[in-house]
Amino acid sequence: MLAMVSTAIHTVLIAKKNKAGEDFKFTGNQFCDIYTYHMALLERIRRTAPVKFHKMMADIYEEVQHFRHDAIGVYGTDTDLAFLDLEGMDDE
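Here the structure is a predicted model, which means the values were calculated and not measured.

What counts as what
Residues numbered from 1 in each chain as written. Predicted model: local features only at pLDDT ≥ 70, side-chain atom pairs only at ≥ 80, totals over all residues. Heavy atoms only, no water. Helix = DSSP H or I, 4+ residues; strand = E, 2+ residues; numbered from the N terminus. Buried < 20%, exposed > 50% of the residue type's maximum accessible area, 1.4 Å probe, protein only. Contact = heavy atoms within 4.5 Å. Areas by Shrake-Rupley, 256 points an atom, 1.4 Å probe, with all protein chains shown as cover. Salt bridge = Lys/Arg side-chain N within 4 Å of Asp/Glu carboxyl O. Patch = residues over 30% accessible without salt bridge, like charges linked within 9 Å, V, L, I, M, F, W, Y side chains within 5 Å. Expected span 1.5 Å × (residues − 1). Arc of directions from axis to C-beta.

**With respect to the overall build of the protein**
Helix and strand counts for the protein come out as three helices and zero strands. Secondary structure elements of the protein, listed N to C terminal, follow the sequence α-α-α. Residue burial in the protein is summarised as follows: out of 92 residues, 11% are buried. Residue pairs in contact within the protein that sit at least 24 positions apart in sequence constitute 42% of those at least 6 positions apart. Approximately 8,000 Å² of the protein is accessible, and the part contributed by carbon and sulfur atoms is 60%.

Okay, here's the thing in structure tokens:
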């Protein structure tokens, strides 16, 4: 999952650098090499320093959980639409 998120961030940065408009498409074929690179990097870190890799992954997990809790507030409610402003969106 971390490799996929890293690839998405990498892709957005490339799109912004190249001033890509709204027609920019995130496709697996186009960014497969970037994803493969991130997977290989994470695997090298895991092999080289397994304890530090575990700590890094645990820290990322904790940060995501804290962000999720802070942004949403409560886990027991329907949170799928928490970040959307449906009232402010155009109908078409």
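**Details of the pattern of salt bridges**
Inspection of the entire model under this criterion finds three salt bridges. The salt bridge involving Arg47 is made with Glu43; its shortest N-O contact spans 3.8 Å. With Arg47 and Glu43 both in helix H2 (residues 28-48) and four residues apart, this pair spans about one turn of that helix. Assessed through its relative accessible area of 55%, Arg47 is described here as exposed. Note that Lys55 is salt-bridged to Asp59, the shortest N-O span being 2.8 Å. Taken together, the residues span about one helical turn, with Lys55 and Asp59 both in helix H3 (residues 50-72) at a distance of four residues. With relative accessibility at 34%, the residue Asp59 sits in the partly exposed group. Each of Glu43, Arg46 and Arg47 takes part in salt bridges that share partners, so that together they form one network.

**A closer look at a nonpolar patch on the surface**
Taken together, the side chains of Met1, Met4, Val5, Ile9, Leu13, Phe26, Tyr35 and Met39 make up a nonpolar region of the molecular surface, amounting to roughly 820 Å² of accessible area. Taken together, the elements giving at least two residues each to the nonpolar patch come down to helix H1 (2-17) and H2.

**Thoughts on H1**
Owing to its 3.6 residues per turn, the α-helix brings residues three or four apart onto one side. With 16 residues, H1 should reach 22 Å at 1.5 Å per residue; the first-to-last C-alpha distance of 22 Å fits that figure. Burial in H1 covers these residues: Ala3, Thr7, Thr11 and Ala15. Taken end-on, H1 shows its buried residues confined to a sector of 110°, consistent with a single buried face. In this structure, H1 carries Leu13, Lys16 and Lys17 as exposed residues pointing more than 90 degrees from its buried face. Following H1 by one or two positions, Lys19 has its phi on the positive side, about 55°.

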